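Overview (structure and organization)
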Amino acid sequence: MSERIYIFDTTLRDGEQSPGATMNRDEKVRLARQLEILGVDIIEAGFPAASQGDFEAVRDIAQAVQNCQVAGLCRALPSDIDRAWDAIKVNPQARIHTFLATSDIHMKYKLRKERHEVLDMAEAAVKYAVSKTANVEFSAEDASRSDWAFLAQVFERVIAAGATTINVPDTVGYTQPQEIAELIKYLLENVKGSHKAVFSVHCHNDLGLATANTLAALKAGARQAEVTLSGIGERAGNAALEEVVMSMDVRKDFYQLTTNVNKEQIFPSTRLLSLIIGQPIPPYKSIIGANAFAHESGIHQDGVLKNRQTYEIMTPESVGRQEEDMVLGKHSGRAAFDKRLKDLGYRLDEEQLGIVFTAMKKLADRKKEIFVEDLEAVVLDEIFRLPDKYRLEYLSALSGNMAIPNAVVKMYVDGEERILSDFGTGPIDAVFNTIGKVVGRSPKLVRYAVNAITGGTDAQGEVTVKIEENGKTSVGRASDADIIVASAKAYLNALNRLAKRQEDSICARL
Ligand SMILES: CC(=O)SCCNC(=O)CCNC(=O)[C@H](O)C(C)(C)COP(=O)(O)OP(=O)(O)OC[C@H]1O[C@@H](n2cnc3c(N)ncnc32)[C@H](O)[C@@H]1OP(=O)(O)O
Ligand SMILES: CC(C)C(=O)C(=O)O
Ligand SMILES: [Mg+2]
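What this report covers is the structure whose coordinates are included nearby. (Residues numbered from 1 in each chain as written. Chains lettered and ligands numbered in written order. Predicted model: local features only at pLDDT ≥ 70, side-chain atom pairs only at ≥ 80, totals over all residues. Heavy atoms only, no water.)

1. Quick look at the nonpolar core
Under the convention used in this document: Working definition of a nonpolar core: buried Ala, Val, Leu, Ile, Met, Phe, Trp, Tyr and Cys residues. They are joined through side-chain atoms within 4.5 Å. Under the scheme applied here, a residue whose accessible area is under 20% of the maximum for its type counts as buried, over 50% as exposed, and between as partly exposed, the area being computed with a 1.4 Å probe on protein chains only. Here a residue-residue contact requires only that any non-hydrogen atoms of the pair lie within 4.5 Å.
Within the largest apolar cluster, 115 residues are counted, with the highest numbers of intra-cluster contacts made by Phe138 and Phe155. In this view, Phe155 contacts Phe138, Ala140, Ile166, Asn167, Val168, Leu187, Val191 and Phe199; residues no more than four positions away in its chain are not counted. One finds Ala407, Val465, Ile484 and Tyr491 within the second-largest nonpolar core, a separate group that totals 26 residues.

Right, here's the structure in full:
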């Protein structure tokens, strides 16, 4: 008989702590809806006390998502707990997730507290949280470097205070599989009242062991796994949802554990995340990378042709990587687009579908064949893009080995039309210079990457730019069949994000 594992997804909280993975409110709600379709049990939506923007995003998610628990993270402080509760309480299964560090190094240097103070603080925080809801999770930050007996004492106190989920984080990715398995067994056996709570594990990937450690803890008796899509998260990231879930699925015989995850939604979910944060999935990434089901060498190809199972331990279809059975192009109708979008996990209303359909028809006039990536790029640009402060209307750029590269840009800034022109060392430099002049900012360009997201000379080019201004960074991404237009759109996307972050921080200070 298989036992059930609860999947706690923290892409929107720990995942967002990953450098360059900042998401705006609409993007977070969009991703949360996809996580709901994916079938995770708990969505950690953010850290409401962090900023007004985080608070509002968590509140909107708590409202938008009805079939998952929505958790808000907070320090072991009444003010943080109040803020978290205010943000999540609209959700019918809201969870307060409070945490406090228990390792000697964190207590001494970071918290500057003695053990007895930490014990009291953890207990008081959980009691306060329980006065708001019975659904309370307590995390002992840096649990894996904590003294085991003290950790057990902390857990005993918070369970008695009413915590129903006890999380054991390997905050700095230090533990080893056998060690965390022993720790979980020790805690289950030695914490009085352990049977009243679900034990959870939260592993970081500093030594590349996050998935292995998570699975070892689950095998040892933990029943909740805290994971993120693609493994994004603080520093080297967290345990990847797809790896943990598919390990349990592929190796049912070994784990005898199941989850509620709708596995065919794994690939669409990770791809949506990649589109939102503008970071491509590495081709060699397990399960979701472009090469994960590709066979290059002759002996492997021969084996796969004879029987796929010779070199494939799961099918691409089982994680939602579908063979495209219909070619989309300028002769395709609404129904075909609608079906493909649904297969990809997008739930668009009639109006949104109309917008995408019109944009796709326009693209199909310029491109022979429309690929899934084209479709997703259009959905992201047309439906899930930021409300723009800066909007591109028209652009022309001149280049060539005899010409002095220059660009003319017509844009709207807060709805006001502006046209300017400037030169550069190449057409993209000229476009960026002109845009900078129009918006009156000159951020440093930290990264510029071009990627052909579909094949052929008429491929959609995907451009990612990272800019920095006054210590704040912002990533923008866009695609277009014209690489210079894609560059301009990506640059504006990054500028819009930067402007939005500045507006949010001004609001938070008011
Ligand atoms: C392991 C993790 O992932 S934990 C989550 C990490 N995520 C984040 O930190 C993102 C959100 N954080 C923030 O926006 C800010 O840090 C805030 C709003 C929470 C706090 O900001 P500030 O008040 O400026 O404090 P700052 O960040 O400089 O320092 C943190 C303070 O919280 C204290 N603290 C840290 N953890 C806890 C805790 N679990 N419970 C209570 N206090 C805590 C620290 O000791 C420090 O206190 P001090 O200022 O008295 O020394
Ligand atoms: C807040 C906790 C759960 C955390 O993210 C960690 O310890 O890594
Ligand atoms: Mg973490």
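Following the structure, the description resumes.
2. Focus on the packing of helix 1 (residues 25–38) against helix 2 (residues 52–64)
Quick note on the threshold: What counts as an axis is a line fitted to C-alpha atoms, over the stretch in contact for a helix, and the angles between N-to-C directions run from 0 to 180 degrees. Each helix is a run of DSSP H or I of at least 4 residues and each strand a run of E of at least 2, with the numbering of both proceeding from the N terminus. A clockwise turn of the near helix away from the far one marks a right-handed crossing, whereas an anticlockwise turn of less than a right angle marks a left-handed crossing. Each residue gets one of three labels, nonpolar for Ala, Val, Leu, Ile, Met, Phe, Trp, Tyr, Cys and Pro, charged for Asp, Glu, Lys and Arg, and polar for the others, Gly among them.
Orientation of helix 1 relative to helix 2, taken along the N-to-C sense of each, is 35°, at an axis distance of 9 Å. The handedness of the crossing between helix 1 and helix 2 comes out as right-handed. Residues Arg25, Lys28, Val29, Ala32, Arg33 and Glu36 of helix 1 form the contact with helix 2, whose own contacting residues are Asp54, Glu56, Ala57, Asp60, Ile61 and Ala64. For the contact of helix 1 with helix 2, a count of residues per class yields 5 nonpolar, no polar and 7 charged.

3. Some thoughts on helix 7 (residues 177–190)
Rules: To estimate how far a helix should reach, multiply one less than its number of residues by 1.5 Å. This arc describes the spread of directions from the helix axis toward the C-beta atoms.
Over its 14 residues, helix 7 extends 20 Å from the first C-alpha to the last, a length consistent with the 20 Å expected when each residue adds 1.5 Å. Burial in helix 7 covers these residues: Ile180, Ala181, Leu183, Ile184 and Leu187. Within helix 7, the buried residues cover an arc of 160° as seen down the axis, which keeps them to one side. Residues Gln178 and Glu189 are exposed on helix 7 and point more than 90 degrees away from its buried face. In this structure, the buried side of helix 7 is in contact with helix 6 (148–160), strand 7 (165–170), strand 8 (198–203) and helix 8 (210–219).

4. Notes on the packing of helix 2 against helix 3 (residues 78–88)
Here is the rule: Roughly parallel covers angles under 35 degrees, roughly antiparallel covers those over 145, roughly perpendicular covers 65 to 115, and oblique covers all other angles.
One way to put it is that helix 2 packs onto helix 3 with a least axis distance of 7 Å and a crossing angle of 40°. By the angle between their directions, the pair helix 2 and helix 3 is classed as oblique. Counted together, Gln52, Phe55, Val58, Arg59 and Ala62 of helix 2 and Arg83, Asp86, Ala87 and Ile88 of helix 3 form the full contact between these two elements. Of the residues in the contact of helix 2 with helix 3, the class split is 5 nonpolar, 1 polar and 3 charged.

5. Quick word on the packing of aromatic side chains
Selection rule: Ring pairs shown here join Phe, Tyr and Trp side chains whose ring centres sit within 6.5 Å, with only the six-membered ring taken for Trp; geometry is labelled stacked below 30 degrees between planes, edge-to-face above 60, and tilted in between.
Counted by the stated rule, this structure contains 8 aromatic pairs. Ring geometry for Trp148 and Tyr186: centres 5.3 Å apart, planes at 45°, overall tilted. Separated by 38 residues along the polypeptide, Trp148 in helix 6 and Tyr186 in helix 7 bring together distant segments of the chain. Judged by its relative accessible area of 23%, Tyr186 falls in the partly exposed class. A ring pair is formed by Phe337 and Phe357, whose centres lie 5.5 Å apart and whose planes are at 75°; its orientation type is edge-to-face. Placement of the pair is Phe337 in helix 13 (residues 334–343) and Phe357 in helix 14 (residues 350–366), with a sequence separation of 20 residues.

6. Points about the environment of Ala397
Relative to the assigned elements, Ala397 resides in strand 11 (residues 390–398). Exposure remark for Ala397: the relative accessible area of 32% places this residue in the partly exposed category. Residues Ala397 and Val40, 357 residues apart in the sequence, show an inter-C-alpha distance of 47 Å. Leave out the neighbours within four places in its chain, and Ala397 touches Asn406, Ala407, Pro427, Val431 and Ile484.

7. Thoughts on the site of ligand 1
Cut-off, in case you're wondering: Throughout, near means a residue has at least one heavy atom within 4 Å of the molecule or strand. Polar contacts, as used here, are pairs of N or O atoms within 3.5 Å; protein pairs need one atom able to donate a hydrogen and one able to accept it. Residues neighboring in sequence count only if both atoms are side-chain atoms.
Neighbouring ligand 1 are 15 residues, the closest being Arg13, Arg75, Ala76, Phe99 and Glu141. For ligand 1, an oxygen atom lies 3.2 Å from a polar atom in the side chain of Gln17. In the model, a nitrogen atom of ligand 1 is placed 3.0 Å from a nitrogen or oxygen of the Ala76 main chain. If you list the elements that add at least two residues to the shell around ligand 1, you get strand 5 (95–101) and helix 4 (104–111).

8. Some words on the sheet that holds strand 15 (residues 461–469)
What counts, and what does not: Strands are labelled as partners when DSSP assigns at least two bridges between them.
The strand order across the open sheet built from 3 strands is 14-15-16, with neighbouring strands paired in antiparallel fashion. Each having just a single partner strand, strand 14 (444–452) and strand 16 (472–480) make up the two edges of the open sheet. Across this sheet, the average inter-strand angle for adjacent strands is 15°, counted without regard to direction.

9. Here we look at a nonpolar patch on the surface
Applied cut-off: Exposure above 30% relative accessible area and the lack of any salt bridge qualify a residue for a patch; like charges then connect within 9 Å, and the nonpolar side chains Val, Leu, Ile, Met, Phe, Trp and Tyr within 5 Å. Using the Shrake-Rupley algorithm and a 1.4 Å probe, accessible areas are obtained, with residue cover drawn only from the displayed protein chains. Salt bridges are defined as contacts in which a side-chain nitrogen from Lys or Arg sits within 4 Å of a carboxyl oxygen from Asp or Glu.
Taken together, Leu445, Tyr448, Val450 and Ile483 make up a surface patch of nonpolar side chains, about 300 Å² in accessible area. Considering each element in turn, the nonpolar patch owes the most residues, 3 residues, to strand 14. Tracing the chain through its elements places Tyr448 in strand 14. Look at Tyr448 and you get partly exposed, because its relative accessible area is 31%.

10. Considerations on the site of ligand 2
Within the structure, ligand 2 sits among Arg13, Asp14, Leu73, His97, Ser139, Glu141, Asn167, Pro169, Thr171, His202 and His204. Between Arg13 and ligand 2, the recorded distance is 2.8 Å, taken from a side-chain N or O atom to an oxygen atom. Here Asp14 contributes a side-chain N or O atom positioned 3.0 Å from an oxygen atom of ligand 2. Compared with its free state, where it exposes 260 Å², ligand 2 has 94% of that area covered by protein. Elements supplying a minimum of two residues to the shell around ligand 2: strand 6 (136–141) and strand 7. Taken together, the residues of the shell around ligand 2 break down into 2 nonpolar, 6 polar and 3 charged.

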